[in-house]
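A look at the structure
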Amino acid sequence: MSPGAWLCLFAPLGGTLAITLAGTRIPRAAAGWISTTSVFIAFGGAVWSFFGLRAHGSGDAHISNAWTWLQSGAFKVGLSVLVDPLSTMMMLIVSGVSALIILYSIGYMHGDDEERRYFAYMSLFVFSMLLLVEGGNLLILLAGWGLVGLSSYLLIGFWHERPSAVAAAKKAFVMNAFGDATMALAFFVIILHAHSLDFTPAFHVHLSGTAMNLVVLGLLGGAAAKSAQVPLHTWLPDAMEGPTPVSALIHAATMVTAGVYLIARTHPLFEQARTVELVAAGMGTLTLLMAGLIALVQTDIKRVIAYSTMSQIGYMFLGAGIGAYANGMFHLMTHAFFKALLFMGAGVVIHALGGEQDIRKMRGIGAHMPKTKWLFLAGSLALVGIVPFGGFFSKDSIISATLNLGWYGWVFWVAALVGTFLTGVYTFRLYFTVFTSEGDAHPHHAAGSEGPWTMMLPVAILGVLAVIGGWIQFSPLWHPLTDWLSPVAATLHVAEPTNTQEYVTSAIAVVVGLAGIGVAWALYGARRRREVPSVPALQRTLEHKFYFDELYDALFYKPSVAVATWWRRDIEEGFVLPAGPDVGETAFDTGRGVGRLQTGLLRTYVFFLGTGMAVLAIVFLLVK
Amino acid sequence: MLGPGIAWYLGVSAFLFGVGALGVLLRRNPLIVLLSLEIMLNGANLALIAFSRHAHNGAGQIFALAVMAVAASEVCVGLGLVVAIHRRNLELDVDRLSELRG
Amino acid sequence: MNLTSVLIWLPIAGALAVWILPLSRYATGSLAVLVSLAEVGIWIEQAIRFDFGHGGLQFEQRARWIPDLHSSYHVGVYGFSLWLVGLTVVAMAACTAYGFWVGRDRPRAYFGLMLFLTGATVGVFVAQDLLLFYAFFEGMLIPLYVLIGVWGGPGRLGATIKLLIYTMTGSLLMLAALIAYGLHGGTFDLVDGTFSASRWIFLGFMFAFSIKAPLFPFHGWLPDAYREAPPEVTAILSGVVAKAGTYGMLRIAIAKFPDPTGYYRTVILVLAAAALVYGSLLAFRAPDLRGVVAYSSLAQSGLIAIGLFSGTNLGFDGAVLQMVAHGLISTTLFLLAGTIERRTTTGEFALLGGMARGRPALATLLMTVGIISLAVPGSASFAGEFLILAGAFQRAWWWAAIGAAAVVLAAMYMLRAISAVLHEARGSLVQDEALDLRTGELALIVPLVAALLFISAWPGGIAHHSFPADSPVLSIGTGFK
């Protein structure tokens, strides 16, 4: 199983290197196929590892070390990969979904001048993400973590002639760098006490309550930044500047789920700081509500789906935060399927309309693109969580898991159900506006296929997965996924709902979801549409995304610029830079001053001669 | 011991030295400065000889002879400089002759 | 033949040859580049034959020099000095090749000075006798003054004078300190010499090294010198000469003065942290590429000093690794800045932009080095910073917190610089005809980047092999025995 893991990790890196070194010697499309093939090979490696582990028994995790990456005294970090139930699950999801999306990109990015660069970056991203999930110790995980942030920067800013894209890329990177920094600080504490960052010693480190809280808080900071949870979420909507497949891959299926993976992986530490773990759950809840609200007013198709992602990851954080790790990971998997599907479906529409992203201008396209429409519908139903689509199985198990926690469990439960309602509204607002309304939009290319096969096939595959992906687990009745993950991420006892709680919650959730769809139909889908209720202050707040951007600008960016400018003006140019010449000038002036003793007049010299001798004589006499 | 006490000789010597010093410091003509310098030297000589006589030690008188030799050679050099300056039609005024300055 | 001495005197002999023989421009340049490459080869040989398991000086040579003062010609390498010598020869080879590629006036003078600089700098890192160290330290400065003053930009004279005043002040204080140390201890030898508890002598040395590194607030010479010097000389200043300052802190100040180090530790850590934050913030608002990299160098010197003065194993290993990594990074960045300036006559951000289009090699290399420079996790500089901050954390948590904040700042300023040059709209001075990097330029930049990537893949190679038994604290405490 380890060779499979190494193959999985390095195949995409090989793809990147091949494309970079070949440069302009290969045709653009070839770069796409190299990249796709490398990631399919990675998927093969993941499958190999998975079956290998299954044969061994999932309790037997295996760490394989290539060489010692860094060592200083007793502290040693190896370049190692870990094959265990959690990592193989992630490897399969990441490499599988990535392969489909990169295949899709071949059609989507066809004709772009810089296709080779794009595919090199995509392969680099897949390598980074796999490094993150396969990392056998915390430092390699952090290396993958940072490289994922780097790839995200490179891909968001892919069309670098656009200032908005460049700005969005920088914003994403800096916020992620902040998360990296908090994680690094947490690691320093662990190193101080455990002298190692390998998983086993790190998770068994003995720390005081405060220290453990701080460590876990640091980890949570990194997770929140990477997964775009409040308050570190402002980079995600801007990240939509990147090409649509990038949004599908990075900002829906893989990178933003890394935070959930981190919590599941380091759960022994989180469980020792239960308060902070519940803070994570609270963050997730807050995010799922806020993002759901903001999505209601967005007019860019990609931004609606982006906020939806933010909201769904909130569910995953909620699940992981309360201790239902398997449920969180399950939702991660189904979400990867249907969210990628939604993004890619949106991409088909955008591609057909020659780059248009405003949903108000897309009305009427549904009549021309039936396949996309049905696939998008499947994805939307999965997202809202209507039985028997994927999201039903995964999301509802998270919601029901909150019921045994006490008073805050109830708060989470209610909020999550409200979130489901909002999901129904904004998702179907999108669906009805784009695909069922009457309008003038029609595709730019000739009637016939809705898109090249490289685009439609992956979308279709994901459509199937969005429908059946959830059937792998229905907690009361059959739960192979939870069993698979239990050796490494056992669900906490408080987060295990009873069967009754499961059934009741699921029923309520479906009803609430359908209610949301109903409201959306009334406002956006029906022939005689009702007026959308208008509350200007609320509308403005939602459109400004609760003013977080303005807040961060005032708290961080402007003060940094102000301090830097102040220091440059007053300290650097006022004091430090002139200091050297000032010393020189002082030397000059002193010299000139002393030089005035040389008057050129005879009598001055005689006077000094005489006086000096007299003084010396007196001194000699006194000393004698 | 014949004659006035040593204090009188030293007084005259100091008087001569003082006059000479004032002349060196205050007069402008280099010839007068040299003259005043001579007076200072003579004052010093007088003090040397007076002490020599007082202490019955000949060393003072011999040293006075040495001083006279030095005075003579220095006057030669000085007068040579004055003549050279005069030949160039420069003013014989030490305040004006001050190019060697900082 | 002692390899260490060859490494010192071969380039100096080359310099003499270049100055004396009336060779043509092409022959002079080729000779200089060949000698530089030979240096690299000899260093590789030395590295292969070095025994990392054995403490103590290797490739040692000791000869009579000034017996009356108990000062001898004593040279040799330890693990960490081996890496610094390697950095020197590689960086000088790249910069000499750059000068050859670009073509400088008065080639014989220029190449002679570059070769002399190579030899003197290697001498600084291997000298084990204080008078010898001082001689090489000053010998390193003279070519720099001339190189900046003759081949520099429009403000070169002012920059040279500033550099002169600052470094002279430091050097004179160091001279006084080393004389006091040598006369008091009876010998000028670093290996035989004993520890000293004198705070004044320690301060004398530290002052000189803080000016060289530089540390806040002694960095007044840095912006002008870095902007006015020719790009390859700035690369040397930032990549190699600055490391001589931090090397001196390690080899002399910390190693020979344990008590004063402990006494002044907090003050120095504060100054180093100030350099880190101050440099990062000023880099964030610098209006030109050279300014950003210059202030970034100031910040990195502060970080390395934090590593050295944290007094922990992790800190020392990290500091040595960071010295090498940052040396390569800033050399590459300044050479790239030079290539950009040649194409557009400027480094000002307001006049640049959009250079990535049509210039994939330049864009890829600048982006790669820029990203390694901001210590993206997985890179060599990340490994160095992580070790340094982990070590600093063991001293007190706030040093690591400040360091972590500076990492975020580094992301901000470096990305701003990269985008200002490569991205967005075409700048007013960027012409369509400005070429991508050509073969000659690639030949000297790609090996540097490859070296950086190699170190990124295996930072343990340097960090784990700098001190015997990989316990720097113990090894320094026993005087490197």
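Remember, it's a predicted structure, so these values are computed and weren't measured experimentally.

Quick notes on the environment of A31(A)
All names here are of chain A. Turning to its location among the elements, A31 is positioned in helix α2 (residues 28–56). Here A31 falls in the buried class, since its relative accessible area comes to 0%. Spatially, the C-alpha atoms of A31 and I19 are 6.0 Å apart, while their sequence positions differ by 12 residues. Aside from chain neighbours lying at most four places away, what touches A31 is I19, I26, R116 and F119.

With respect to the interface of chain C and chain A
Listed as interface residues are 58 residues of chain C and, on the opposing side, 54 residues of chain A. When chain C packs against chain A, close to 4800 Å² is buried across both sides, 74% of that on carbon and sulfur atoms. The largest contributions to the chain C side of the interface with chain A come from R357(C), F386(C) and E424(C), which together make up 14% of the buried area. Taken together, the connections running from chain C to chain A amount to 3 salt bridges. Salt-bridge contacts for E114(A) lead to R357(C); the nearest nitrogen and oxygen are separated by 3.9 Å. The tally of links between chain C and chain A comes to 9 residue pairs in polar contact (both at pLDDT 80 or more). The element that contributes the greatest number of residues to the side of chain C that touches chain A is helix α15 (residues 397–422) of chain C, accounting for 10 residues. The residue inventory of the side of chain C that touches chain A, partitioned by class, reads 40 nonpolar, 11 polar and 7 charged.

Things to note about the packing of helix α7 (residues 199–212) of chain C against helix α9 (residues 231–256) of chain C
Residues and elements named next belong to chain C. Packing of α7 against α9 brings their axes to within 7 Å, and their N-to-C directions diverge by 160°. Here α9 runs roughly antiparallel to α7, going by the angle between their axes. For the crossing formed where α7 meets α9, the hand is left-handed. For the pair formed by α7 and α9, the contact residues are F202, F205, M206, F209, S210 and K212 on the first element and V241, A242, G245, G248, M249, I252 and A253 on the second. Here the contact of α7 with α9 is composed, by residue class, of 9 nonpolar, 3 polar and 1 charged.

Remarks on unusual backbone geometry
In this chain, V230(A) is followed by P231(A) through a cis amide linkage whose omega measures 5°. Mapped onto the fold, P231(A) is located in the loop between α8 (209–226) and α9 (235–238). A cis amide bond, omega -5°, links V387(A) with the succeeding residue P388(A). Even without glycine at this site, T345(C) takes up a positive phi of about 60°. Relative to the elements of secondary structure, T345(C) occurs in the loop between α12 (313–344) and α13 (360–373).

Side note on the nonpolar core
In this structure, F205(C) and F386(C) are the most contacted members of the largest nonpolar core, which totals 409 residues. It is helix α15 (residues 325–352) of chain A that provides the largest number of residues to this core, a total of 19 residues. One finds Y315(A), I322(A), I398(A) and L405(A) within the second-largest nonpolar core, a separate group that totals 18 residues.

Observations regarding the layout of surface pockets
In this model, the second largest pocket occupies a volume close to 1000 Å³. Taken together, 31 residues form the lining of the second largest pocket, with V174(A), M175(A), F556(A), Y557(A) and M412(C) sitting closest to its centre. Among the elements of the structure, α6 (163–194) and α23 (548–595) of chain A together with α10 (258–285) and α15 of chain C are those that each provide at least two residues to the lining of the second largest pocket. Take the lining of the second largest pocket: its biggest share by element is 11 residues, from α15(C). Taken together, the residues of the lining of the second largest pocket sort by class into 22 nonpolar, 3 polar and 6 charged.

A word on the pairing of strand β2 (residues 75–83) of chain A
Residues and elements named next belong to chain A. For β2, the tally of buried residues reaches 8 of 9 residues, placing the bulk of the element in the interior. As paired elements, strand β1 (residues 62–72) and β2 share 8 bridges and run antiparallel to each other. Paired with L70 across the bridge in β2 is V77. Hairpin connection, β1 to β2: the antiparallel pair is bridged by 2 residues, and G73 has positive phi, about 65°.

What about the interface of chain A and chain B?
Contact with chain A, which involves 10 residues of that partner, is made by 10 residues of chain B. There are 1 salt bridge connecting chain A and chain B. R603(A) serves as the salt-bridge partner of D95(B), at 3.2 Å between the closest nitrogen and oxygen. There are 1 residue pair in polar contact (both at pLDDT 80 or more) connecting chain A and chain B.

Some details on empty space enclosed by the protein
In this structure the tally under the stated criterion is 6 cavities of 30 Å³ or more. Roughly 230 Å³ of volume is contained in the largest cavity. Considering the residues around the largest cavity, the lining is formed by 21 residues, among which D180(A), A375(C), P377(C), F382(C) and V407(C) are closest to the centre. Among the elements of the structure, α5 (138–156) and α6 of chain A together with α14 (380–395) and α15 of chain C are those that each provide at least two residues to the lining of the largest cavity. Broken down by element, the residue count for the lining of the largest cavity peaks at 7 residues, all from α6(A). Looking at the lining of the largest cavity, its residues break down into 16 nonpolar, 3 polar and 2 charged.

What about the pairing of strand β2 (residues 71–77) of chain C?
All names here are of chain C. Across the 7 residues that make up β2, a large majority, 7, are buried. Two strands pair when backbone bridges link them, and strand β1 (residues 58–66) and β2 are joined in this way by 6 bridges, in the antiparallel orientation. What sits directly across from R64, in β2, is S72. Counted between consecutive antiparallel strands, the loop separating β1 from β2 contains 4 residues, among which H70 sits at a positive phi close to 55°.

Describing a nonpolar patch on the surface
Residues and elements named next belong to chain C. Nonpolar side chains collect at one region of the surface, where L16, W19, I20, L21 and L23 lie side by side and expose about 450 Å² of accessible area between them. With respect to the helices, strands and loops of the structure, L21 is situated in the loop between α1 (3–20) and α2 (25–49). Residue classification places L21 among the partly exposed positions, given a relative accessible area of 41%.

A look at the pattern of salt bridges
Inspection of every chain in the model, using the stated rule, returns 26 salt bridges over all chains. Residue K162(C) pairs with D224(C) through a salt bridge whose shortest N-O separation is 2.4 Å. Here K162(C), found in helix α6 (residues 156–185), pairs with D224(C), found in helix α8 (residues 222–228); they are 62 residues apart in sequence, far enough to count as distant. A salt bridge links R343(C) to E441(C), with the nearest nitrogen and oxygen atoms 2.8 Å apart. Here R343(C), found in helix α12, pairs with E441(C), found in helix α16 (residues 439–457); they are 98 residues apart in sequence, far enough to count as distant. A residue is classified by how much of its surface remains accessible, and E441(C), at 2% relative accessible area, is buried. Salt bridges linked by common partners bring D113(A), E114(A), R117(A), E161(A) and R357(C) together as one network.

Some remarks on the confidence of the model for chain C
Put simply, chain C has an average pLDDT of 92, and 100% of its residues get 70 or more. Confidence metrics for the complex model read pTM 0.88 and ipTM 0.91.

Calculation rules
Residues numbered from 1 in each chain as written. Chains lettered and ligands numbered in written order. Predicted model: local features only at pLDDT ≥ 70, side-chain atom pairs only at ≥ 80, totals over all residues. Heavy atoms only, no water. Helix = DSSP H or I, 4+ residues; strand = E, 2+ residues; numbered from the N terminus. Buried < 20%, exposed > 50% of the residue type's maximum accessible area, 1.4 Å probe, protein only. Contact = heavy atoms within 4.5 Å. Buried area = accessible area lost by both parts, 1.4 Å probe. Salt bridge = Lys/Arg side-chain N within 4 Å of Asp/Glu carboxyl O. Polar contact = N/O pair within 3.5 Å; in protein donor to acceptor, adjacent residues only side chain to side chain. Nonpolar A, V, L, I, M, F, W, Y, C, P; charged D, E, K, R; others polar. Axes fitted to C-alpha atoms, helices over the stretch in contact; angles between N-to-C directions. Parallel < 35°, antiparallel > 145°, perpendicular 65-115°, else oblique. Left-handed = near helix turned anticlockwise from the far one by under 90°. Core = buried A, V, L, I, M, F, W, Y, C linked by side-chain atoms within 4.5 Å. 1 Å grid on protein atoms, 1.4 Å probe; cavity = no way out; pocket = protein on both sides within 12 Å on 5 of 7 lines; lining within 4 Å. Points joined across faces, edges and corners; volume = space filled by probe spheres on them. Pairing = 2+ DSSP bridges. Patch = residues over 30% accessible without salt bridge, like charges linked within 9 Å, V, L, I, M, F, W, Y side chains within 5 Å. Areas by Shrake-Rupley, 256 points an atom, 1.4 Å probe, with all protein chains shown as cover. pLDDT = per-residue confidence, 0-100.

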